[in-house]
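# Residue-level structural notes
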Amino acid sequence: MADCIFCKIVAGEIPCEKILDTDVAFAFMDIGPLAEGHVLLIPRAHYETLDAMPAEEAGALLRHLPALVNAVRDVTGCEGVNVLQNNGRVAHQVVPHVHFHVIPRNPGDEFHFNWPAGEYGEGRMQDLGEAIRRALPRGS
Ligand code: AMP
Ligand code: ZN
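A short tour of the structure in this document, coming up. On a predicted model such as this, the values are computed, not experimentally measured, just so you know. (Residues numbered from 1 in each chain as written. Chains lettered and ligands numbered in written order. Predicted model: local features only at pLDDT ≥ 70, side-chain atom pairs only at ≥ 80, totals over all residues. Heavy atoms only, no water.)

For the rest of this paragraph, the subject is the overall build of the protein chain. Scanning the protein chain for helices and strands turns up four helices and five strands. By its C-alpha atoms, the protein chain is 50 × 40 × 25 Å across when sized along the principal axes. The 140 residues of the protein chain split such that 34% are buried. Pairs at least 24 residues apart make up 52% of the contacts formed inside the protein chain by residues separated by at least 6 positions. (Helix = DSSP H or I, 4+ residues; strand = E, 2+ residues; numbered from the N terminus. Buried < 20%, exposed > 50% of the residue type's maximum accessible area, 1.4 Å probe, protein only. Contact = heavy atoms within 4.5 Å.)

Shown next as structure tokens:
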């Protein structure tokens with residue numbers, strides 16, 4: 001994608017602190033870290049959101065996450081790690097090229113979630129579960 005900043009990073013047209021580079025996956029340091037050691041894992045190919053990715057390619061991308069999380073934790077000494085992936089502007093996706101954030105977490109750090117856990121009325125969860133199961137393609 002001609003004007004995608006992450007495609008330009010993959011192509012070497014914009015510099016980055018590269019962590020990992022395979023035929024499918026690419027990882028680099030986030031330039032605006034939520035904590036020191038914040039890494040981004042992206043597909044080499046341009047997909048705007050995760051749902052647009054072929055399953056095999058998503059699998060080949062995600063297989064790198066456990067090792068990345070371990071490396072970030074070992075190097076930073078963080079107590080925990082968030083893996084975040086935002087789809088769509090409303091979900092805080094600023095760069096329209098799929099990316100997984102690997103974010104070191106420590107007690108008292110500056111990164112906070114608003115996690116407004118709700119509750120279902122009678123039967124609503126089961127209805128939605130059934131609808132979602134039906135919406136999945138065969139073999140999922
Ligand atoms: P999101 O809000 O999920 O779209 O996150 C986009 C992330 O990309 C942010 O954390 C930015 O700091 C990061 N980012 C944007 N431009 C660059 C860049 N040139 N190099 C590294 N990270 C970047
Ligand atoms: Zn792109």
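From this point, things continue past the structure.
Where strand β1 (residues 18–21) lies against strand β2 (residues 25–29), three bridges are found, and the strand directions are antiparallel. Across the sheet, K18 pairs through a bridge with F28, a residue of β2. Two successive antiparallel strands, β1 and β2, enclose a turn made up of three residues. (Pairing = 2+ DSSP bridges.)

Surrounding the zinc ion (ligand 2) are the protein donor atoms C4 (SG), C7 (SG), H46 (ND1) and H97 (ND1), at 2.0 to 2.3 Å. Geometry at the zinc ion (ligand 2) is tetrahedral, judged from the four donor atoms that bind it and their angles of 107 to 117 degrees at the metal. All donors of the zinc ion (ligand 2) come from a single chain, and their spacing in sequence reads C-x2-C-x38-H-x50-H. Accessibility assignment for this pair places C4 and C7 in one class, buried. (Donors = N, O, S within 2.8 Å, 3.2 Å for Na, K, Ca; no water. Tetrahedral: all angles 85-135°; square planar, octahedral: opposite > 155°, others 65-115°.)

With antiparallel pairing, the five strands of this open sheet are ordered in space as β1-β2-β3-β5-β4. Looking along the sheet, the strands with just one partner apiece sit at the ends: β1 and β4 (80–84). On average, each strand axis in the sheet is inclined to that of its neighbour by 15 degrees, with strand direction left out of account. As defined by bridge partners, strand β3 (residues 39–43) adjoins strand β5 (residues 100–105) across three bridges and the pair is classed as antiparallel. What sits directly across from V39, in β5, is V102. In the packing of helix α2 (residues 55–62) onto the sheet, the strands contacted are β2, β3 and β5, and the crossing angle to β3 comes to about 155 degrees. (Axes fitted to C-alpha atoms, helices over the stretch in contact; angles between N-to-C directions.)

Geometry only, nothing functional implied.
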